[in-house]
Amino acid sequence: MNKENERLRETEEKVKNWKKWGPYVSERAWGTVREDYSADGSAWEYFPHDHARSRAYRWNEDGLAGISDENQEICFSIALWNGKDAILKERLFGLTGNQGNHGEDVKEYYYYLDSTPTHSYLKYLYKYPQSPFPYQQLLDEDRKRSKSETEYELIDTGIFESDEYFDVFIEYAKADAEDILVKITIHNRAAEKAKLHVLPTVWFRNVWSWKKESKRPQMQALDEQTIELKNGKYFLYCKNTGELLFTENDTNKQKLFGAENETEFVKDGINDYIVNDREDAINRENKGTKATAHYELEIAAGKSKEIFLRLSDKALDEPFGRSFKSLLDKRIKECGEFYDDIIPEDLSDDAKNVMRQAFAGVLWSKQFYYYDVEKWLEGDSAQPPPPASRKKGRNRGWKHLNNADIISMPDKWEYPWYAAWDLAFHCIPLALVDAEFAKDQLILMLREWYMHPNGQIPAYEWAFGDVNPPVHAWAALRVYQIEKKRKGKGDVKFLARIFQKLLLNFNWWVNRKDSEGKNVFEGGFLGLDNIGVFDRNQKLPSGGTLIQSDATSWMAMYCLNLLAIALELAKHDDTYEDLATKFWEHFLYIAD
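What counts as what
Residues numbered from 1 in each chain as written. Predicted model: local features only at pLDDT ≥ 70, side-chain atom pairs only at ≥ 80, totals over all residues. Heavy atoms only, no water. Buried < 20%, exposed > 50% of the residue type's maximum accessible area, 1.4 Å probe, protein only. Helix = DSSP H or I, 4+ residues; strand = E, 2+ residues; numbered from the N terminus. Arc of directions from axis to C-beta. Polar contact = N/O pair within 3.5 Å; in protein donor to acceptor, adjacent residues only side chain to side chain. Contact = heavy atoms within 4.5 Å. Pairing = 2+ DSSP bridges. Axes fitted to C-alpha atoms, helices over the stretch in contact; angles between N-to-C directions. Parallel < 35°, antiparallel > 145°, perpendicular 65-115°, else oblique. Left-handed = near helix turned anticlockwise from the far one by under 90°. Disulfide = S-S within 2.5 Å. Phe/Tyr/Trp six-rings, centres within 6.5 Å; stacked < 30°, edge-to-face > 60°.

(A) Structural view of helix 1 (residues 3-12). Here helix 1 has its buried residues at Glu4, Arg7, Leu8 and Thr11. On an axial view of helix 1, the arc spanned by its buried residues comes to 100°, and they lie on one face. With a side-chain oxygen lying 3.3 Å from the backbone nitrogen of Glu4, the N-terminal cap of helix 1 falls on Asn2. Looking one or two residues beyond helix 1, the residue adopting positive phi is Lys14, at roughly 60°.

Put into structure tokens, the structure is as follows:
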């Protein structure tokens, strides 16, 4: 058993929670349904990118190469400034669903390079131009283009043509479950020397602005290079930083809405201090709910510089001693050993690299996802009530749904919300590296605070009531088989547990989507954007019922999947034999 497998075992057996910290910070929290409190459900317009640096999020946070704890109380990410942009680069930029000629589209270059399942080692690359970032150019050019034309991308602006950019590598390595080493390496790819401001930032997710009399957490400087968080629960050590800067993670209401600010210092205070040279924007008492270590670097042409930090639950006398580099190297080596056991030996080196980076992508795409639908519909006690139209709008029939979990995302920028059937597919590769996480994800979607009381699985936050293809039984069986092949023994308890919950969902399909009882099915959207000239989730304009060949095929497959699961369970408990017969018969009805 390699070291990473030992960490997975310790986490599974609750000896130590190596997954408590991970890449759980989204790459976009603006423009989401959760942050939309408009009267007409126009999520993209209600909370645009231009508000994100100044407005506190209600539900979850975003950032560049960000990490957080599993409840997202504390977040850490990287901010950058090339001395020319009008704003700090704190998060990825992209066009909204209504701005892009092909819908929402991130306009950045960033890469998930490596990750272990426990995130004991993580590596990320961001490419930052040295010229002013062409925000308006990207917006204007894409707006001109029709749907039949290609998208206008960042590289099309010519901003990378003379290699005037920085490669910013961010690495995390865990010394312990809550002791994280941070290394930032900046390469100047230009032919001339260049300056860069690097601002590793730590902050508390705002949980105090929504309830009356909520308690505000606090961080403060202990010395010129150390930030204490939550009365000594955590420390951020910042090696050789130029200065520590503090503000509050509170909305700048004066800037956005012309209203009085509730706090003297606000979310965009560090931005205003660095970019606009406003001394009054930061708290010189060195305390607040958001802080950064300011590094101002000049890097020679073709050269690089390194920055070291450490986020730890330990009060350390020498956070950057000799063991720092050796421990980082050790975690990199252990990451390689873990993948040597996973990736087939007969692949080429290039294919091995592709497979390893693909795993990095799916592991980096975990996110803390928080959404209490009833609370979202009703509004918060310390905020103005939502518009009355909300009670008749999106997701009103899903008041039971209360999500606050680490979930695999389709994409943390374009789709920073779970999609139930996408997640089922994610679980197949996840089963190869972390079968427990894959099983937990599948079970999660079927738990009583996710699944509707009528048996429907929530689709996605834009419309939980939309219909996704029924692939959870297939995914559960494949995850079971993959783990059984790797370990020599299948998790029968998991299979039985999920089978019982899948019966509820199967009955929903039969009762709700076979309205005439003929074993042919309706369905709806079913996952593919390009297969119809109208929205199949909506009622037909002419009335009547839309019978779908793909929905019917999915249900035939669902029967076969449940049949296979029942047969596997019958090897251990013969009471499942009757259910196997039932699903074989149901399949024949559909096939007929």
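(B) The arrangement of the side chain of Thr247 in detail. Relative to the helices and strands, Thr247 resides in strand 14 (residues 243-247). A polar contact is formed between the side chain of Thr247 and the backbone oxygen of Val266, at a distance of 2.6 Å. Residue contacts for Thr247: discarding those within four places in its chain leaves Phe265, Val266, Lys267, Gly269, Ile270, Ala281, Lys287, Gly288, Thr289 and Lys290.

(C) Structural context of the sheet that holds strand 15 (residues 287-288). On the basis of which strands lie adjacent, the open sheet formed by nine strands has the order 6-7-8-9-17-13-12-11-15 and antiparallel pairing. Each end of this open sheet is capped by a strand with a single partner; those strands are strand 6 (110-115) and strand 15. Relative to strand 17 (residues 304-312), strand 13 (residues 234-238) is paired through four bridges, and the arrangement is antiparallel. If you follow Cys238 over to strand 17, its bridge partner there is Leu309. This element, helix 8 (residues 349-364), spans strand 6, strand 7 (121-129) and strand 8 (165-176) of the sheet and lies at about 100° to strand 6.

(D) How the structure looks around the packing of helix 11 (residues 435-444) against helix 12 (residues 472-487). Remark: helix 11 packs on helix 12, axes separated minimally by 10 Å, with the N-to-C direction vectors making an angle of 160°. One element, helix 11, and the other, helix 12, form an angle in the roughly antiparallel class. Seen from above, helix 11 lies across helix 12 with left-handed handedness. Residues Ala435, Glu436, Ala438, Lys439 and Leu442 of helix 11 pack against His472, Ala475, Ala476, Val479 and Glu483 of helix 12.

(E) Just the state of the cysteines, in detail. The final tally for this structure, using the stated rule, is zero disulfides. Free cysteine: Cys238, not disulfide-bonded; nearest cysteine sulfur from Cys75 at 16 Å.

(F) Focus on the packing of aromatic side chains. Summed over the entire model, instances satisfying the criterion amount to 41 aromatic pairs. Taking the centre distance of 6.2 Å and the plane angle of 80° together, the rings of Phe76 and Tyr172 count as edge-to-face. One end of the pair, Phe76, is in strand 3 (residues 74-81); the other, Tyr172, is in strand 8, with 96 residues separating them in the sequence. Take Phe76: its relative accessible area is 1%, and that puts it in the buried class. Residue classification places Tyr172 among the buried residues on the basis of a relative accessible area of 1%. Consider the rings of Tyr124 and Trp364, whose centres lie 5.2 Å apart with planes at 50°: the pair is tilted. Taken together, the residues span a long stretch of sequence, with Tyr124 in strand 7 and Trp364 in helix 8 at a distance of 240 residues. In this structure, Tyr124 and Trp364 share a single accessibility class: buried. Taken together, the ring pairs in this structure connect Trp59, Phe368, Tyr369, Tyr370, Tyr371, Trp376, Trp398, Tyr418, Tyr450 and Phe464 into an aromatic cluster.

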